[in-house]
Amino acid sequence: MCVCLNILLQSPCHFSTLTQEEVQAKADLVVGCDGAFSTMRKQMLKRPRFNYSQQYIPHGYMELCIPATPQGEFAMPCNYLHIWPRGTYMMIALPNQDRSWTVTLFMPFEIFDKLTSPEILLEFFKENYPDAIALIGKEKLIRDFFGNKALPLISVKCSPYHVGSTSLLLGDAAHAMVPFYGQGMNCGMEDCIVLDELMDQFDDDLALVLPAFSKHRNPDAEAIVDLAMYNYLEMRSLVNSKLFLLRKKLDDILSRLLPRTWVPLYTMVTFSRERYHVCIANRKWQDKILSNLVKVVGVAGIAGGVLLTKTETFHYMSCALLTHLTRLTTKTFAIATR
């Protein structure tokens, strides 16, 4: 790996290698794909009108491992992402080809810091992840936990991604994100697709391609950075909410009835090339539709209740119906406006 220290390329570009050796080379274009802590981006920070922000969330992560069973099989059903949501923190497990599981523990650093001995660690797992102790193994859990350290999670936003017609940022160098939507690598690969499409559109004229890339890609990159942060809340907390699960079921029903019109947010983001910021706009439209639907149902229920109360025979029935409709309206409204 090497890093260009002259992003304008007005003179031979000085490269600093991993061995700290400096070399010179000429290039028409330097593309910075050097990650969340990009050295090339640091050079761009010295230029006026370059916007940059980063955020470390107060949570860290640590990787553990569930080994294969003595029979060489998966210890859990393998066709799933396994999540242990615990409100302010969570643990997830993803299957590997050798039939082990990569287990990642996400939680505030202040909780990591309190787990200072094997006894405290085991007590914490007994309280929060009791089934995981047998899956990982006590000794392995203790060894792996204290043999590692909790690592930070960072989000990065910046713009523009280019300097003139000579330099461009792609991938995490342009838009690092927390891992909770599983879109970091996908987003970087899509950067390449978008750049290739713009190269075709502008006949490889970098003076036109690079500004167009920054303008086109930035709204989507910032949108997925925000979505990734939101999905952490969803995975560690909202999945335990009955109202949230009801909204998920409603999305599934509507997507089956209206497959071309009603596409759930996760499906849009993960299984389509719909632009990320458009996915968010569509979700807001869906929320608005559901909110209006709830209002209509509520008004119809109240009107029906008023009509029923006009007769003594249906008085008791109307009271019961109104009670149920009120509860349903309240729950549905909460889901729709969430």
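Please refer to the structure placed before this passage.
Summarised in this report is the structure supplied together with it. The structure presented is a predicted model; accordingly, all values stated were derived computationally and were not measured.

1. Side note on the environment of Val156
Next, step 1: As for its placement among the helices and strands, Val156 is situated in strand E9 (residues 151–159).
Next, step 2: Linking Val156 and Val178, residues 22 residues apart in sequence, is a C-alpha distance of 9.3 Å.
Next, step 3: In this structure Val156 touches Ala36, Arg41, Tyr52, Ser53, Gln54, Ala174, His175, Ala176 and Val225, once residues within four positions along its chain are discounted.

2. Details of the nonpolar core
Next, step 1: Grouped together as the largest cluster of nonpolar side chains are 27 residues, with contacts concentrated most on Phe125 and Tyr129.
Next, step 2: Listed by contribution, the elements that provide at least two residues to this core are strand E5 (51–66), strand E7 (90–95), strand E8 (101–108), helix H2 (109–114), helix H3 (118–128), helix H4 (130–136) and helix H5 (138–147).
Next, step 3: Listed in part, the 22 residues of the second largest apolar core include Met90, Phe180, Met235 and Leu265.

3. Some remarks on unusual backbone geometry
Next, step 1: At the junction of Ser159 and Pro160, the peptide bond is cis and its omega measures out at -5 degrees in the coordinates.
Next, step 2: Its place among the elements puts Pro160 in the loop between E9 and strand E10 (162–163).
Next, step 3: Even without being a glycine, Asp203 presents a positive backbone phi close to 50 degrees.
Next, step 4: Relative to the helices and strands, Asp203 is located in the loop between helix H7 (184–201) and helix H8 (206–236).
Next, step 5: Of note in this structure, Asp204 is not a glycine but carries a positive phi near 65 degrees.
Next, step 6: Of note, Asp204 is situated in the loop between H7 and H8.

4. As for the environment of Glu234
Next, step 1: Tracing the sequence through the fold places Glu234 in helix H8.
Next, step 2: Residues Glu234 and Gly87 lie 147 residues apart in sequence; the distance between their C-alpha atoms is 9.4 Å.
Next, step 3: Beyond its immediate chain neighbours, meaning those up to four positions away, Glu234 contacts Val239, Phe244 and Lys248.

5. Considering the side chain of His82
Next, step 1: Here His82 is to be found in strand E6 (residues 82–85).
Next, step 2: Setting aside chain neighbours within four positions, we find His82 in contact with Met76, Pro77, Met91, Ile92, Ala93 and Trp101.

6. Section: the pattern of salt bridges
Next, step 1: Per the counting criterion, the structure on display carries twelve salt bridges.
Next, step 2: In this structure, Glu73 engages Arg99 in a salt bridge whose closest nitrogen and oxygen atoms are separated by 2.6 Å. Here Arg99 lies in the loop between E7 and E8 and Glu73 lies in the loop between E5 and E6, a separation of 26 residues in the sequence.
Next, step 3: A residue is classified by how much of its surface remains accessible, and Glu73, at 40% relative accessible area, is partly exposed.
Next, step 4: Here Asp287 makes a salt bridge to Arg283, at a shortest N to O gap of 3.4 Å. Placement of both Asp287 and Arg283 in helix H11 (residues 276–308) is noted, with a separation of four residues, approximately one turn of the helix.
Next, step 5: On the basis of relative accessible area, Arg283 is assigned to the buried category, the value being 18%.

7. A closer look at the sheet that holds E10
Next, step 1: Taken in spatial order, the three strands make up an open sheet running E4-E11-E10, and their pairing is mixed. Each end of this open sheet is capped by a strand with a single partner; those strands are strand E4 (30–32) and E10.
Next, step 2: Taken together, the three bridges between E4 and strand E11 (residues 167–169) define a ladder with parallel strand orientation. Among the inter-strand pairings, Val30 is bridged to a residue of E11, identified as Ser167.

8. Topic: H5
Next, step 1: For H5, the full list of buried residues reads Leu141, Ile142, Asp144 and Phe145.
Next, step 2: The inward-facing, buried residues of H5 contact E5, E8, H2, H3 and H4.

9. Here's the deal with the packing of aromatic side chains
The way to describe two aromatic rings as a pair is by their centre distance and the angle between their planes.
Next, step 1: Applying the stated criterion to the full structure yields 16 aromatic pairs.
Next, step 2: Their ring planes at 70 degrees and their centres at 5.7 Å tell us that Phe74 and Trp101 sit as a pair that is edge-to-face. Of the two residues, Phe74 is situated in the loop between E5 and E6 and Trp101 in strand E8; the sequence distance between them amounts to 27 residues.
Next, step 3: Taking relative accessible area as the criterion, Phe74 reaches 23% and is therefore assigned partly exposed.
Next, step 4: Accessibility expressed as a relative area gives 0% for Trp101, which makes it buried.
Next, step 5: Their ring planes at 80 degrees and their centres at 5.1 Å tell us that Phe145 and Phe146 sit as a pair that is edge-to-face.

10. With respect to H8
Next, step 1: Over its 31 residues, H8 extends 44 Å from the first C-alpha to the last, a length consistent with the 45 Å expected when each residue adds 1.5 Å.
Next, step 2: The axis of H8 is deflected most strongly, by about 40 degrees, at Arg217, and proline Pro219 appears within four residues downstream.
Next, step 3: Between a side-chain oxygen at the N-terminus of H8 and the backbone nitrogen of Ala207 the separation is 3.1 Å; the capping residue is Asp205.

11. Quick notes on the sheet that holds E7
Paired through backbone hydrogen bonds, the strands of a sheet run either parallel or antiparallel to each other.
Next, step 1: In space, the five strands of this open sheet follow the order E6-E7-E8-E5-E9, with antiparallel pairing throughout. If you trace the sheet from one side to the other, it starts and ends with E6 and E9, each paired once. Averaged over all pairs of adjacent strands, the angle between strand axes in this sheet comes to 25 degrees, irrespective of strand direction.
Next, step 2: H5 rests against E5 and E8 of the sheet, and its axis sits at about 150 degrees to E5.
Next, step 3: Contacts between H8 and the sheet are confined to E5, E6, E7, E8 and E9, with E9 contributing the most and set at about 155 degrees to the helix.

Scoring rules and cut-offs
- Counting of residues starts from 1 at the beginning of each chain's written sequence and follows it residue by residue.
- Residue-level local features of this predicted model are given only where pLDDT is at least 70; pairs of side-chain atoms are given and counted only at 80 or more, and the full residue set underlies all totals for whole chains, interfaces and linings.
- The side-chain values count all of the structure's non-hydrogen atoms but skip hydrogen atoms and water molecules.
- Strands are runs of DSSP state E lasting at least two residues, helices are runs of H or I lasting at least four, and both sets are numbered from the N terminus onward.
- Residue contacts are defined here by distance: any two heavy atoms, one from each residue, within 4.5 Å place the two residues in contact.
- What is meant by a nonpolar core is a set of buried Ala, Val, Leu, Ile, Met, Phe, Trp, Tyr and Cys residues, joined one to another through side-chain atoms within 4.5 Å.
- Only protein chains enter the accessibility calculation, which uses a 1.4 Å probe. A residue is then buried if its area is under 20% of the maximum for its type, exposed if over 50%, and partly exposed in between.
- We define a salt bridge as a side-chain nitrogen of Lys or Arg found within 4 Å of a carboxyl oxygen belonging to Asp or Glu.
- Strand pairing is assigned whenever DSSP identifies at least 2 bridges connecting the two strands.
- Working definition: a ring pair exists when centres of Phe, Tyr or Trp rings (six-membered ring for Trp) sit within 6.5 Å. Plane angles under 30 degrees give stacked, over 60 give edge-to-face, the rest tilted.
- Multiply 1.5 Å by the residue count of a helix minus one, and that product is the helix's expected span.
- At every residue, the bend is computed as the angle between two fitted axes, covering the seven residues ending there and the seven beginning there respectively.
- The term polar contact refers here to a pair of N or O atoms within 3.5 Å; inside protein, the definition further demands a hydrogen-donor-capable atom paired with an acceptor-capable atom, and it admits residues adjacent in sequence only when both atoms are side-chain atoms.
- Axis geometry follows a simple rule: fit a line to the C-alpha atoms, using only the stretch in contact for helices, then measure angles between N-to-C directions, giving values from 0 to 180 degrees.

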